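In case you want the letters, here they are:
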Amino acid sequence: MSDYEPQDAASWGPRHNAALFGHAAAETALLEAWGSGRLPHAWMITGPRGVGKSTLAFRFARFLLAHGPASGFDSGPSLFGDAPVLPDTLAIPEDNPVFSRVANAGHADLITVERSWDDKNDRWRGDVVVQDVRAVIDRFGKTAAEGGYRVCIVDAADDMNINAANALLKILEEPPPNAVLLLVSHAPGSLLPTIRSRCRRLALKPLDEAAMQQALTGLLPDLDAAERRGLGVLAEGSPGRAVTLAAQGGLKLLHGLLDMVAQLPKPDIAKLHAFGDTLARDRSGAGFQLMTELFRWWLARLVRAAAAGRIGGVGWAEIFPGETALAQRLAQWQGPARWAEDWEQLGRLLDRGESVNLDRKQMLLNLFAALGRSAAAR
C-alpha cells in the first residue's frame, strides 16, 4: 500500500441522500418544533464538517415541503377523537414527488444559497456574495407556489461575505409567514452575533463508532469491513470526511507514508523517491496536500495518545494492522513533548516549502531528512 492512487469522487450528496445516521435527537427536536405549531423561522445547524448537517437540512426541507404547516398536534384530544399522531421521522420516501423535485433542484418553494459560479473568471466563487442572497429576498417576497412553506438552505453560512451576511440578516429580522431558513455552519463563531441570536441552534456531534460503521456500510458498501473501520477512525466520526478520504485514496496514502516512517532513521530511498514521484505527477497538488494533512493529523494523534498513555488501550482504535506497534515504538523514542516540538517543526518546514513553491518531491525528501535526523539523535 505504498502508492497514492486518487479515485473518482463519490456520487452522493445531501440533496439526493435519503439516509441520516446518528442524529436521532436532532431529528426529534425538529419534529417536535414542527408539531408544536410554533416552528422557529430560522435554525442554525452546527457541527464539524461532514457529520450530516447538510443532509439533515435537506431532510427537514423535504419534510416541510411535503407536509406543510402542522395542524392539531399540540391541541390534545378533541370531541372527535384523539389528537393526530406526530410523525416519528423526517424521512420522505424516495418515490415521493417532493423528494425527486428537491433532488433535481426543481421545487419552486426551496431555494439553496451556496457559492455560485463566476462566469467572468470561469470558476466557483470563493464566498457567497450578496447577489446569491438577494435571490432569497425575491423568492420570499412572493406567495408560496404550493401554499405551504418556503424553505431556504444556506450551505454554508460561513461562506457569506459581509454584504451577503447583512442581506440575510434583513430576512432574519423580518421573516415572511411560513418561511424557514436553515443555516448550515461549520464555524458559528465566525458569523455575525446578530445572525446567531436570531436562529435556534441545533448542534450535531461526530458519530460514535456504531453509528459511523452503519453509515459507512451504507455509503461505502464496496469496501471491506477493515477499510471501513480504518476510515471511521481516520474521519473521526464524520461520514462525509470518510467518503471524501475513500475517494482520494487517503487510507492507502497514509499507510504508504507510515510504512516509510517505520523504517526511520534510514527509510528505503528507492521507495521514498517512488512515493515522491507519484505525488509530483499530480499537478493539482491535491495528493501532496492530503499527504501533509494526514501526516500532521497522525502525529497529533500520536502526541495526544502518548500523553494520555492510551496507545493500544481504551479509547484507541487501530487504523490498519501494525499502526499500534509503530505508535508504541515512536512513543518510546521520545516523550510527547518532544514529538509536539517535531510536529511544529515539520509544520513550519512544509509551510515554508509551500510559500516558496518548492518542488513537492523535494519537500517530501526534506521532510524525511528532518525526521531521520531527529530519529538518529535519540
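The numbers attached to residues start from 1 for each chain and follow its sequence in the written order. Since the coordinates come from a predicted model, pLDDT governs what is reported: local features require at least 70, and pairs of side-chain atoms require 80 or more to be given and counted, while whole-chain, interface and lining totals use all residues. With hydrogens and water stripped out, all remaining heavy atoms of the structure feed into the side-chain values.

1. Looking at helix α7 (residues 209-219)
Then, in step 1: Listed as buried for α7 are Ala211, Met212, Gln213, Ala215 and Leu216.
Then, in step 2: Buried residues belonging to α7 abut α8 (225-235) and α9 (239-248). Classification of residues uses two cut-offs on accessible area relative to the type maximum, computed with a 1.4 Å probe and protein chains only: under 20% is buried, over 50% is exposed, and between them is partly exposed. Secondary structure elements follow DSSP: runs of H or I of four or more residues count as helices, runs of E of two or more count as strands, with numbering from the N terminus. Contact definition: two residues touch when any of their heavy atoms are within 4.5 Å.

2. A look at the environment of Ala327
Then, in step 1: Within the element layout of this structure, Ala327 appears in helix α13 (residues 323-333).
Then, in step 2: The exposure class assigned to Ala327 is buried, which follows from its relative accessible area of 0%.
Then, in step 3: Spatially, the C-alpha atoms of Ala327 and Arg301 are 9.4 Å apart, while their sequence positions differ by 26 residues.

3. As for the state of the cysteines
Then, in step 1: Pairs of cysteine sulfur atoms within 2.5 Å are identified as disulfides in what follows. Per the stated rule, a full pass over the model turns up zero disulfides.
Then, in step 2: As a non-bridged cysteine, Cys152 has Cys199 as the owner of its nearest cysteine sulfur, 11 Å distant.
Then, in step 3: Under the relative-accessibility criterion, Cys152 is labelled buried at 0%.

4. A few points about the confidence of the model for the chain
Then, in step 1: Mean pLDDT over the chain works out to 88, with 93% of the residues at or above the 70 mark.
Then, in step 2: The weakest mean pLDDT in the chain belongs to helix α15 (residues 360-376) at 85; the strongest belongs to strand β1 (residues 42-46) at 98.
Then, in step 3: Per residue, pLDDT measures the predictor's confidence, with a range of 0 to 100. Contacts of residues 1-11 to residues separated by more than four positions or lying in other chains number 28 contacts, the stretch itself having pLDDT below 50.

5. Here's the deal with the pattern of salt bridges
Then, in step 1: For this analysis, a salt bridge means a side-chain nitrogen from Lys or Arg found within 4 Å of a carboxyl oxygen belonging to Asp or Glu. Considering all chains together, one arrives at eleven salt bridges under this definition.
Then, in step 2: In this structure, the salt-bridge partner of Asp159 is Arg115, at a minimum N-O distance of 3.9 Å. Of this pair, Asp159 sits in the loop between β5 (150-155) and α5 (162-173) while Arg115 sits in the loop between β2 (110-113) and β3 (117-118); the two residues are 44 residues apart in sequence, bridging distant segments of the chain.
Then, in step 3: With its nearest N and O atoms 2.3 Å apart, the salt bridge here joins Arg241 to Glu293. A residue pair is termed long-range when its members are at least 10 positions apart, and Arg241 in helix α9 and Glu293 in helix α12 (residues 286-308) qualify at 52 residues.

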